Every structure is written in C-alpha cells, then in structure tokens.
Amino acid sequence: MSLRVGEVVMDCAEHGAVVDFWQAALDYDRQEINEQYVGLAPREKEPGRPPILFQKVPEAKVVKNRVHLDFRSDSMTDEVMRLQGLGATFIAEGSLGSIRWTVMADPEGNEFCVS
C-alpha cells in the first residue's frame, strides 16, 4: 500500500499564537509558506512526529474536533503542566481501565490528548 500521512492540517483564525504554541510544544522548525499557510516540521524525520500545516480560515471553530492529535509522554502530569505553561487549556481527564489521558486545547481551542 502506498498511502501515508504527509502532514496534519489544522485550521486557525490567525497563525500567531497557535503556531507559536505548537512550535514550542513540539520543538519543530517553522516554515513561512504564504499568507494562508505556515508549516511546522521536525528537524529530522522520525516516526510519530509528522509535519503540521496551519491553514488560515475565515470561519471560527464552533464545535468539538472530529479528529484530534493524541500524544504519548513519559510523564503525563509533567507534560500537561509544561503545555499549560505554553498556553494550552486543561479540558478534562479521562480513563478507561488502566489507560489515562488528559484532554487539552491549544490557544485557538483545538483539542488534543496527552497520556
């Protein structure tokens, strides 16, 4: 099969705070593409670290994301605190059996999970 994820695309009202947040959160390099797009990518390709493309759109986010990013970390508590310091918002904690995660939102309200 030849189908692979090329990049993850996220809509945003403005590139500013949301791109700055994800650049700091992921330690990715920034690429200014044009007025509508800004890209972030790891310095070197690595499994689990796809490029992200931020697309400026005129409409605001209205409801819960239908697709979201799930991140794994060595310490969920430490990572949640670090991301909050960068501008993320805590939404909820969840669990299913022994699996635990924290739902958060970036500065424009895009949800993601940390476990």
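What counts as what
Residues numbered from 1 in each chain as written. Predicted model: local features only at pLDDT ≥ 70, side-chain atom pairs only at ≥ 80, totals over all residues. Heavy atoms only, no water. Pairing = 2+ DSSP bridges. Helix = DSSP H or I, 4+ residues; strand = E, 2+ residues; numbered from the N terminus. Axes fitted to C-alpha atoms, helices over the stretch in contact; angles between N-to-C directions. Phe/Tyr/Trp six-rings, centres within 6.5 Å; stacked < 30°, edge-to-face > 60°. Buried < 20%, exposed > 50% of the residue type's maximum accessible area, 1.4 Å probe, protein only. Salt bridge = Lys/Arg side-chain N within 4 Å of Asp/Glu carboxyl O. Arc of directions from axis to C-beta. Contact = heavy atoms within 4.5 Å.

Right, let's talk about the sheet that holds strand β1 (residues 8-12) for a bit. Overall, mixed pairing links the four strands, which are arranged β1-β4-β3-β2 in an open sheet. Every other strand in the sheet has two partners, leaving β1 and β2 (29-32) as the edge strands with one partner each. The sheet shows a mean angle of 25° between the axes of neighbouring strands, taken without regard to direction.

All right, on to the packing of aromatic side chains then. Counted according to the given criterion, the structure contains five aromatic pairs. Each ring, one from Trp 22 and one from Phe 112, has its centre 4.9 Å from the other, and the planes form 65°; the classification is edge-to-face. Taken together, the residues span a long stretch of sequence, with Trp 22 in helix α1 (residues 16-26) and Phe 112 in strand β8 (residues 111-114) at a distance of 90 residues. Exposure class is identical for Trp 22 and Phe 112. Each is buried. One aromatic cluster is present, formed by Phe 21, Trp 22, Phe 71 and Phe 112 through successive ring pairs.

Right, let's get into the pattern of salt bridges. On inspection of all chains with the given rule, the structure shows eight salt bridges. For Asp 27, the salt bridge is made with Arg 43, and the minimal N-O distance between the two is 3.3 Å. In this pair, Asp 27 sits in the loop between α1 and β2 while Arg 43 sits in the loop between β3 (37-41) and β4 (52-56), placing the two residues 16 residues apart along the sequence. Taken together, the shared-partner salt bridges in this structure form one network comprising Asp 20, Arg 30 and Glu 32.

This part covers helix α2 (residues 76-86). Within α2, the full set of buried residues consists of Met 76, Val 80 and Leu 83. Projected onto a plane normal to the axis of α2, the buried residues spread over an arc of 70° and lie on a single side. Seen from the open side of α2, the exposed residues pointing more than 90 degrees away from its buried face are Asp 78, Met 81 and Gly 85. Buried positions along α2 lie against α1, β7 (99-105) and β8. Looking one or two residues past α2, Gly 87 carries a phi angle of roughly 120°, positive in sign.

Ordered in space as β5-β8-β7-β6, the four strands form an open sheet in which the pairing is mixed. The open sheet has two edge strands, β5 (69-71) and β6 (89-96), and neither has a second partner. Looking at each pair of strands side by side, their axes are set apart by 25° on average, direction ignored. Pairing between β6 and β7: seven bridges, direction antiparallel. Along β7, the bridge assignment pairs Gly 94 with Trp 101. Along the sheet face, α2 touches β6, β7 and β8 and points at about 0° away from the line of β7.

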